[in-house]
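# Structural overview for review
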Amino acid sequence: MRRGLAGQRLVAAFLGGALLFNYPVLSLLDRSEPFFGMPMLWACLFIVWAALIAVVAWIAERGAR
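Residues numbered from 1 in each chain as written. Predicted model: local features only at pLDDT ≥ 70, side-chain atom pairs only at ≥ 80, totals over all residues. Heavy atoms only, no water.

### Section: the overall build of the protein
Across its full length, the protein holds three helices and two strands. In sequence order, the protein lays out its α and β elements as α-α-β-β-α. Against the 2.2 N^0.38 benchmark of 11 Å for 65 residues, the protein shows a C-alpha radius of gyration of 15 Å, more extended than a compact globule. For the protein, the spread of C-alpha atoms along the principal axes amounts to about 45 × 20 × 10 Å. Out of the 65 residues in the protein, the part that is buried amounts to 17%. Within the protein, contacts between residues at least 6 apart in sequence are counted, and of these 56% link residues at least 24 apart. (Helix = DSSP H or I, 4+ residues; strand = E, 2+ residues; numbered from the N terminus. Rg over C-alpha atoms; globule rule 2.2 N^0.38 Å. Buried < 20%, exposed > 50% of the residue type's maximum accessible area, 1.4 Å probe, protein only. Contact = heavy atoms within 4.5 Å.)

### Let's talk about the packing of helix H1 (residues 5-20) against helix H3 (residues 40-63)
Between H1 and H3, the shortest axis-to-axis distance is 10 Å and the interhelical angle comes to 175 degrees. Compared by their axis directions, H1 and H3 come out roughly antiparallel. Here Ala 6, Arg 9, Leu 10, Ala 13, Gly 17 and Leu 20 of H1 come into contact with H3, specifically with Val 48, Leu 52, Val 55, Val 56, Ile 59, Arg 62 and Gly 63. When grouped by side-chain class, the residues that make up the contact of H1 with H3 number nine nonpolar, two polar and two charged. (Axes fitted to C-alpha atoms, helices over the stretch in contact; angles between N-to-C directions. Parallel < 35°, antiparallel > 145°, perpendicular 65-115°, else oblique. Nonpolar A, V, L, I, M, F, W, Y, C, P; charged D, E, K, R; others polar.)

If you want it as structure tokens, here you go:
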């Protein structure tokens, strides 16, 4: 397991992702208005998912130095 600040950042990214993919937050986005041609919920799920992957990749690359 990673030690130090990189490990703490990875845990924070996991907890942030778990919070964003939890029911109360997702229910705020459950609307019928389209966002880039997709329902708001699905578009936000994909955006948050891609952002989490980018954040974890950034932490992993920065922690490897």
